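# Chains, contacts and geometry: an overview
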Amino acid sequence: MIILATLRMAFIILHTVFWGGPVYLFSFLDPYAERAARLIRLWAKGNLLACGVSIRVQGLSQLNPHSAYLFMSNHQSQFDILALMAALEDFPLRWVAKHELRKVPILGACMQRTHQILVDRGSRTQAVATLRKVKELLGAHISVLFFPEGTRGEDGRLLPFKPGGFMAAVEAGVPVVPITINGSRSILPPGDWKVRSGEIEIIFGTPIPIHRDGTRKAARIALLTQVERAIAARLKTAASPPTGAKHPSPLPQAGQPERRYEQDGRETAYRAAP
């Protein structure tokens, strides 16, 4: 187990170094570095495949890749962002992350060049700059991903949601899509480095429109409550699995299409591949 986990981590590091140069260079080719962002998706899918991690997706067919959304997801593992980039490969997408990632060699530089939003949550000035950047990206038809918990929980249960992303949603006025991730914590738990193989389930909820009938504060609180309930309703924890939850059907077998989206709203399946 230790040897396999070491090999997987070594691959992730070398794979990051391999893609770092092309991503950085391609980031100069267009205003929002979308060509470089497409390379990042290949990097994410390659890491998933090498680590033996499969993805099961539900609800994605209700979304339009040509529209901008503000995605809100629970956060269980460092593999969440890899899984979401692979699942949302047809969507121009940037995500909000902690500013400490700027210091990570190669990764930090590539994140800045591709317009990922790196936030110092302790800075009020940064909060204003984040709102401005989110509105700018959404205006360019680029979706933005928030992890409203702000960090990964120790037991897989939801942590209290922070208001920043919901302030941005109310200001921007674009639909908010709640996302529930199940299974990623068992792939790479918080505080661990040993990557395990397995399956990550990603459930996209119905887009929630922004209503501004009252004050901005009231709209933010109502939106936060609605998103939190939508994510929690589909969240599975080892301690208390949701009542009546359906077990996901098996992944596609060899010879079957690696990815399929059903247009009638039924469960969809996707197997990561570069």
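What you see is a predicted model, and the numbers here were worked out from it, not measured in a lab. (Residues numbered from 1 in each chain as written. Predicted model: local features only at pLDDT ≥ 70, side-chain atom pairs only at ≥ 80, totals over all residues. Heavy atoms only, no water.)

## Let's talk about the overall build of the protein chain
Short version of the rule: Helical segments are the DSSP runs of H or I of at least four residues, strand segments are the runs of E of at least two, and each set is numbered from the N terminus. Categorising residues by exposure relies on relative accessible area from a 1.4 Å probe, with only protein chains included: less than 20% of the type maximum marks a residue as buried, more than 50% marks it as exposed, and the intermediate range marks it as partly exposed. The contact criterion used throughout is that any non-hydrogen atoms of two residues lie within 4.5 Å. Here the open area of atoms and residues is found with the Shrake-Rupley method and a 1.4 Å probe, where only the protein chains shown may cover a residue.
The number of helices and strands found in the protein chain is eight helices and nine strands. Split into buried and exposed, the 274 residues of the protein chain put 46% on the buried side. Taking the contacts inside the protein chain whose residues are at least 6 apart along the sequence as the reference set, 73% of them involve residues at least 24 apart. Within the structure as shown, the protein chain displays about 13,500 Å² of accessible surface, and the carbon and sulfur contribution to it stands at 58%.

## Considering the environment of Val57
Structurally, the position occupied by Val57 is in strand β1 (residues 53-58). On a C-alpha basis, the gap between Val57 and Glu201 in space is 6.0 Å, while along the polypeptide they are 144 residues apart.

## As for the nonpolar core
Where a protein is soluble and globular, its nonpolar side chains tend to be buried together. Put simply, the rule reads: The definition of a nonpolar core used throughout is a set of buried Ala, Val, Leu, Ile, Met, Phe, Trp, Tyr and Cys residues joined through side-chain atoms within 4.5 Å.
With 45 residues, the main nonpolar core has Phe71, Phe79, Leu145, Ile179, Ile202 and Phe204 as its most contacted residues. Secondary-structure elements contributing two or more residues to this core are α1 (2-26), α2 (34-50), β1, α3 (79-87), β3 (93-98), α4 (107-113), β6 (176-182) and β7 (198-204). The biggest single contributor to this core is α3, with eight residues. Counting 26 residues, the second-largest nonpolar core is a separate cluster that includes Ala68, Ile117, Leu137 and Val227.

## Here we look at the pairing of β6
So the rule is basically this: A pair of strands is considered paired only if DSSP assigns at least 2 bridges between the two.
In terms of burial, β6 is a largely internal element, seven of the seven residues being buried. The alternating pattern of β6 places Val176, Pro178, Thr180 and Asn182 on one face and Val177, Ile179 and Ile181 on the opposite face, and all of these are buried. Sheet topology note: the β6/β7 ladder contains four bridges and is antiparallel. Each residue of the ladder has a partner; that of Thr180, found in β7, is Ile203.

## Focus on α3
Most of α3 sits inside the fold, with nine of its nine residues counted as buried. Within α3, the full set of buried residues consists of Phe79, Asp80, Ile81, Leu82, Ala83, Leu84, Met85, Ala86 and Ala87.

## Quick look at the packing of α1 against α2
What counts, and what does not: Whenever a helix is involved, its axis is fitted only over the stretch in contact; in every case the axis is a line through C-alpha atoms, and angles between N-to-C directions fall within 0 to 180 degrees. Roughly parallel here means an angle under 35 degrees, roughly antiparallel means over 145, roughly perpendicular means 65 to 115, and every remaining angle is called oblique. Throughout this entry, Asp, Glu, Lys and Arg are counted as charged residues, while Ala, Val, Leu, Ile, Met, Phe, Trp, Tyr, Cys and Pro are counted as nonpolar. The remaining residues, Gly among them, count as polar.
Closest axis-to-axis distance for the α1/α2 pair is 9 Å, and the angle between their directions is 170 degrees. Judged by the inter-axis angle, α1 sits roughly antiparallel to α2. Every residue of α2 that contacts α1 at Arg8, Phe11, Ile12, His15, Thr16, Trp19, Pro22, Val23 and Phe26 is listed here: Arg35, Ala36, Leu39, Ile40, Leu42, Trp43, Gly46, Asn47 and Ala50. Per-class residue counts for the contact of α1 with α2 are twelve nonpolar, four polar and two charged.

## Re the confidence of the model for the protein chain
Filter applied, for reference: Every residue carries a pLDDT, the predictor's confidence in it, which falls somewhere between 0 and 100.
Scored by pLDDT, the protein chain has a mean of 84; 84% of the residues are at 70 or more. Here residues 239-274 is a poorly scored stretch, pLDDT under 50, and it has 70 contacts once near neighbours within four places are set aside; other chains count.

## Section: the packing of aromatic side chains
Stated precisely, the cut-off is as follows: Only rings of Phe, Tyr and Trp enter the pairing, Trp through its six-membered ring, and a pair is recorded when the two centres are within 6.5 Å. The plane angle decides the type: under 30 degrees is stacked, over 60 is edge-to-face, the rest tilted.
The final tally for this structure, using the stated rule, is seven aromatic pairs. When the ring of Tyr24 is compared with that of Phe28, the centres are 5.6 Å apart and the planes differ by 70 degrees; the resulting orientation is edge-to-face. Residue classification places Tyr24 among the partly exposed positions, given a relative accessible area of 35%. Given a relative accessible area of 51%, Phe28 falls into the exposed group. With a centroid separation of 6.5 Å and 50 degrees between ring planes, the pair formed by Tyr69 and Phe91 is classed as tilted. Placement of the pair is Tyr69 in the loop between β1 and β2 (70-73) and Phe91 in the loop between α3 and β3, with a sequence separation of 22 residues.

## A closer look at the pattern of salt bridges
Rule in force here: Any carboxyl oxygen of Asp or Glu that lies within 4 Å of a side-chain nitrogen of Lys or Arg is treated as forming a salt bridge with it.
Tallied over the full model, the rule gives ten salt bridges. Across the pair Glu201 and Lys236 runs a salt bridge whose closest N-O atoms are separated by 3.3 Å. Taken together, the positions of Glu201 in strand β7 and Lys236 in the loop between α8 (216-233) and β8 (259-260) put the pair 35 residues apart, joining distant regions of the chain. Its relative accessible area of 26% is what places Lys236 among the partly exposed residues. The network of salt bridges with common partners includes Glu34, Arg41 and Arg94.

## Re the packing of helix α6 (residues 164-172) against α8
Selection rule: What makes a crossing left-handed is the near helix being turned counterclockwise from the far one by less than a right angle; a clockwise turn instead makes it right-handed.
At a minimum axis distance of 9 Å, the contact between α6 and α8 shows a crossing angle of 120 degrees. Helix-helix and strand crossings are classified by hand; for α6 and α8 the assignment is right-handed. On α8, the residues that touch Phe166, Met167, Ala169, Val170 and Glu171 of α6 are Arg216, Ala219, Arg220, Leu223, Leu224 and Val227. Considering only residue class, the contact of α6 with α8 consists of eight nonpolar, no polar and three charged.

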